[in-house]
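Descriptive analysis of the structure
Here is how the chains run, residue by residue.
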Amino acid sequence: MIGKPLHAVLCALLFLIVFLLPAHAASIDAQFRSWLESDLWPGAQSNGVSRTTFEAAFDGVTPNLKLPDLVLPGRESSTPEKQHQAEFRAPAAYFSENVVRGVTDGGRSRARQYADTLAAIERRFGVPAGIVLAIWGRESAFGRAKIPHDAFEVLATKAFLSTRKAMFTREVLAALVMAERNRIAPRAMKSSWAGALGQPQFLPTSYLEHAVDMDGDGRADIWNSVPDTLGSIANYLHAHGWVKGRDWGFEVTVPANVSCALEGPDQGKRISQWAAMGIARVGGKPFPAHEARGEGFLMMPAGRYGPAFIVTPNFYVLKEYNESDLYALFVGHGADRITYGDRRFIGAWNKVDRLHRSDIAAMQRGLERQGYDVGGADGLAGFKTRRSIGDWQARNGMAPTCFPDAGLVRALK
């Protein structure tokens, strides 16, 4: 039995839930509508968007408060505990063999099916078929993945409430331009929860800059056209500096006397120099002669807890598609398996501590206080964070691992 005082408290709380929360949502809706008119419409108008297109885009649209990384009115931004993007979670989980095989098996069958289109794309843009197919498979399961969200609902919500308002304002304006110029019905413009569009998962600015019409029907349709999807992916990479004739990278062994803190795109050497330091390709093959003369970079996405790689500038072009070492590695590895057959990594992904993103951010702030450049205290263990960890460990008499763990979090918080 519940006592009368407690019963009264529970009733009061129920009143708040039933009556005040809908009122709060209504208040946010009203603020959203005001923002559309006072902030977004002037920008849309200056970009050539008609009032008819603008009203059609936001007809019936309200903020989607279930989206991650939002900052509601009256609240402060904070680092979330959980990581919503798979690209930034534990390395081993990202390379689940079931997921990799889904991309590589599907890629090989489509390499045969679309051989002529892929050959034309490689001649035009210089990007190998395996790379294009691996991205297509990873982004949308070769067009089979459900892309359920209304792009204008997602982009406008994030422009209004997210932690990256300026970025998403640019994207929602670009989506309006798409609707205006390309005659894409707003409700047909489907996106992911992050606002990425169609089979290649382009943000609207990327669509405007890089989408191409490969099937010759007069419009770049990244939702329904396979040739347009594949050509648009290749054009994106080409525009971001893909070097024709170079590989993306090679799995290697790194001797214990070579510091994992040498990782990063700003610490490049000729691949022959890395080899002279004792870094060797797995399997015993030498680096190809033309690659040995070129610049390469040490890349250890799990520090000493996982495989190591010497990557080329093309690896960092793949990161332009998705700013994640694991994503770029997945694409390169998947492309190799599509092209050359199923060969898994030789190095193992060892178990690492399961940490909250907010814990990693606290550790990064601790490193920053000691003068380290960790690339921002965002809770994501990128190369600047990893090599800072390795340097800190070495200076404190520890064997460098270059990867976060619970002990480091406790020591550096």
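Residues numbered from 1 in each chain as written. Predicted model: local features only at pLDDT ≥ 70, side-chain atom pairs only at ≥ 80, totals over all residues. Heavy atoms only, no water.

1. What to know about the layout of surface pockets
Taken as a whole, the second largest pocket holds about 530 Å³ of empty space. Looking at the second largest pocket, it is lined by 20 residues, and the ones nearest its centre are Glu 251, Arg 281, Val 282, Asp 336 and Arg 343. Counting only elements with at least two residues in the lining of the second largest pocket, the list comes to strand S3 (249-253) and helix H14 (325-340). With four residues, H14 is the single largest residue contributor to the lining of the second largest pocket. When its residues are assigned to classes, the lining of the second largest pocket shows eight nonpolar, four polar and eight charged. (1 Å grid on protein atoms, 1.4 Å probe; cavity = no way out; pocket = protein on both sides within 12 Å on 5 of 7 lines; lining within 4 Å. Points joined across faces, edges and corners; volume = space filled by probe spheres on them. Helix = DSSP H or I, 4+ residues; strand = E, 2+ residues; numbered from the N terminus. Nonpolar A, V, L, I, M, F, W, Y, C, P; charged D, E, K, R; others polar.)

2. Section: helix H13 (residues 313-321)
Where burial is concerned, most of H13 is hidden: seven out of the nine residues are buried. Tucked inside the fold, the buried residues of H13 contact helix H6 (129-140), helix H10 (226-239), strand S6 (295-299), strand S7 (308-311) and H14. (Buried < 20%, exposed > 50% of the residue type's maximum accessible area, 1.4 Å probe, protein only. Contact = heavy atoms within 4.5 Å.)

3. A short note on the sheet that holds S7
Pairing in this open sheet of five strands is antiparallel, and the strands run S4-S6-S7-S3-S5 from one edge to the other. A strand with exactly one partner marks an edge of an open sheet, and here the two such strands are strand S4 (269-270) and strand S5 (280-281). Pairing between S4 and S6: two bridges, direction antiparallel. Residue pairing across strands places Arg 270 opposite Glu 295, the latter belonging to S6. Here H13 sits on the sheet and contacts S6 and S7; the angle it forms with S6, its principal contact strand, is near 60°. (Pairing = 2+ DSSP bridges. Axes fitted to C-alpha atoms, helices over the stretch in contact; angles between N-to-C directions.)

4. Description of the environment of Ala 185
Within the secondary structure, Ala 185 is located in the loop between helix H8 (165-182) and strand S2 (190-191). A relative accessible area of 44% places Ala 185 in the partly exposed class. Sequence separation between Ala 185 and Ala 56 is 129 residues, and the spatial gap between their C-alpha atoms is 8.5 Å.

5. Notes on the state of the cysteines
Using the criterion set out here, one finds one disulfide in the structure. Across a sulfur-sulfur distance of 2.1 Å, Cys 260 and Cys 402 are joined as a disulfide pair. Because the torsion about its S-S bond is 85°, the bridge between Cys 260 and Cys 402 counts as right-handed. Of this pair, Cys 260 sits in the loop between S3 and S4 while Cys 402 is found in the loop between helix H16 (383-395) and helix H17 (406-412), placing the two residues 142 residues apart along the sequence. (Disulfide = S-S within 2.5 Å.)

6. Let's talk about the pairing of S3
Extensive coverage of S3 is indicated by the burial of four of its five residues. Judged from the four bridges that link them, S3 and S7 form a sheet pairing that is antiparallel. Following the sheet pairing, Gly 249 is matched in S7 by Val 311. Relative to S5, S3 is paired through two bridges, and the arrangement is antiparallel.

7. Points about the pattern of salt bridges
A full pass over the atoms with the stated rule returns 20 salt bridges. A salt bridge links Glu 97 to Arg 337, with the nearest nitrogen and oxygen atoms 2.5 Å apart. One end of the pair, Glu 97, is in helix H4 (residues 97-113); the other, Arg 337, is in helix H14, with 240 residues separating them in the sequence. In this structure, Lys 319 and Glu 323 form a salt bridge, with 3.4 Å as the shortest nitrogen-oxygen distance. The class for Glu 323 is exposed, based on a relative accessible area of 53%. Here the salt bridges do not stand alone but share partners, grouping Glu 97, Arg 101, Asp 105, Arg 108, Arg 337, Asp 342 and Arg 344 into one network. (Salt bridge = Lys/Arg side-chain N within 4 Å of Asp/Glu carboxyl O.)

8. Points about the nonpolar core
Counting residues in each nonpolar core, the largest one holds 87 residues, and the members touching the most others are Phe 58, Leu 176, Met 189 and Leu 237. With nine residues, H8 is the largest single contributor of residues to this core. Excluding residues within four positions of it along the chain, Leu 176 makes contact with Leu 40, Ala 44, Val 49, Thr 53, Phe 54, Ala 57, Phe 58 and Phe 152. Residues Val 252, Val 254, Ile 271 and Cys 402 belong to the second largest nonpolar core, which totals 15 residues. (Core = buried A, V, L, I, M, F, W, Y, C linked by side-chain atoms within 4.5 Å.)

9. What about the packing of aromatic side chains?
With the rule as written, the count across this model stands at 26 aromatic pairs. Ring centres of Phe 32 and Phe 160 lie 5.6 Å apart, and the angle between their planes is 65°; this geometry places the pair in the edge-to-face category. Of this pair, Phe 32 sits in helix H1 (residues 4-46) while Phe 160 sits in helix H7 (residues 151-161), and the two are 128 residues apart along the sequence. Here Phe 32 matches Phe 160 in class, with each residue buried. Summarising the aromatic geometry, the rings of Tyr 207 and Trp 223 are spaced 6.4 Å apart at their centres and angled 45° between planes, so their arrangement reads as tilted. In this pair, Tyr 207 is assigned in helix H9 (residues 204-210) and Trp 223 in the loop between H9 and H10, connecting sequence segments 16 residues apart. Both residues of the pair, Tyr 207 and Trp 223, belong to the buried class. A network of ring pairs unites the aromatic residues Tyr 94, Phe 95, Trp 248, Phe 297, Phe 309, Phe 315, Tyr 316, Phe 330, Phe 345 and Trp 349 as a single cluster. (Phe/Tyr/Trp six-rings, centres within 6.5 Å; stacked < 30°, edge-to-face > 60°.)

10. A look at the confidence of the model for the chain
Confidence in the prediction of the chain, expressed as mean pLDDT, is 91, and 90% of residues score 70 or more. Predicted confidence is poor over residues 13-21, with pLDDT under 50, and the contacts of this stretch with residues over four places away or in other chains come to three contacts. (pLDDT = per-residue confidence, 0-100.)

11. Here's the deal with the pairing of S7
By the alternation rule, side chains of S7 split into Ala 308 and Ile 310 and Phe 309 and Val 311, which are all buried. With three bridges joining them, S6 and S7 adopt antiparallel strand pairing. Bridge pairing links Leu 298 to Ile 310 in S7.

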